[in-house]
Amino acid sequence: MSEQNRRTKRRYAHELYPHAEEWETRPLDVEVPYRLARAVGFDVQGTSWFYGETPEDHRRTGERTMAMLNESRIALLTVALHKGMTGDAAWEWVDSHLHEEMELLYEACQEYGVDVGLIKPYPCGPEPDHHDHLGETHLWNGLEARSVTRVDGKESECEECTEEIPDV
């Protein structure tokens, strides 16, 4: 497969939800999905975040962890503001939900129409030499579930996970 004419089907958050223009203040209806998508993009799943042994690897891991937490906090603050919370109530709501392993973030994505399956994580180290293929969603004990298959090879080199780059 020629990498010049293909790209991953998943896109970076800012490709799906573009950044604001410089000095632009956007309405929360636009900013909330952007911030949620950005937070998902800084999640470490699907990156080489936890691989490495050098001091540089550990520094990169620490910086990415802080970016993930900060982006998640900002995203949840925009949700709180959009829901009409202010001051300490908004701050407490975000603080109390940040430690739920990002569950609230992903629930907010669903509520605001952000399809997390379309978002590719921002790089953190080299592209992993494996990736996951997700099966169809189905009900299992009354809950939505899907199978996950670990696939050897980089996502960017997988025929199933890439598409031709459209002519512009």
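Everything numeric here is computed off the predicted structure, so don't read it as measured data.

1. Observations concerning the packing of aromatic side chains
Then, in step 1: According to the stated counting rule, one finds 3 aromatic pairs in the structure shown.
Then, in step 2: An angle of 5 degrees between the planes, with centres 5.3 Å apart, marks the rings of Tyr-12 and Tyr-122 as stacked. On the criterion of sequence distance, the pair formed by Tyr-12 in the loop between strand 1 (6-8) and helix 1 (13-16) and Tyr-122 in the loop between helix 5 (103-111) and strand 2 (130-134) is long-range, its members being 110 residues apart.
Then, in step 3: On the basis of relative accessible area, Tyr-122 is assigned to the buried category, the value being 12%.
Then, in step 4: Their ring planes at 40 degrees and their centres at 4.9 Å tell us that Phe-42 and Tyr-122 sit as a pair that is tilted.

2. Observations regarding helix 4 (residues 87-97)
Residues spaced three or four apart along an α-helix point in a common direction, a consequence of the helix completing one turn every 3.6 residues.
Then, in step 1: Where helix 4 is concerned, the buried positions are Ala-90, Trp-93, Val-94 and His-97. With its buried residues spanning 90 degrees around the axis, helix 4 presents them on a single face. Projecting away from the buried face of helix 4 at angles above 90 degrees are the exposed residues Gly-87, Asp-88 and Glu-92.
Then, in step 2: Contacts made by the buried residues of helix 4 are with helix 3 (55-82) and helix 5.

Conventions we followed
- Residues numbered from 1 in each chain as written.
- Predicted model: local features only at pLDDT ≥ 70, side-chain atom pairs only at ≥ 80, totals over all residues.
- Heavy atoms only, no water.
- Phe/Tyr/Trp six-rings, centres within 6.5 Å; stacked < 30°, edge-to-face > 60°.
- Helix = DSSP H or I, 4+ residues; strand = E, 2+ residues; numbered from the N terminus.
- Buried < 20%, exposed > 50% of the residue type's maximum accessible area, 1.4 Å probe, protein only.
- Arc of directions from axis to C-beta.
- Contact = heavy atoms within 4.5 Å.

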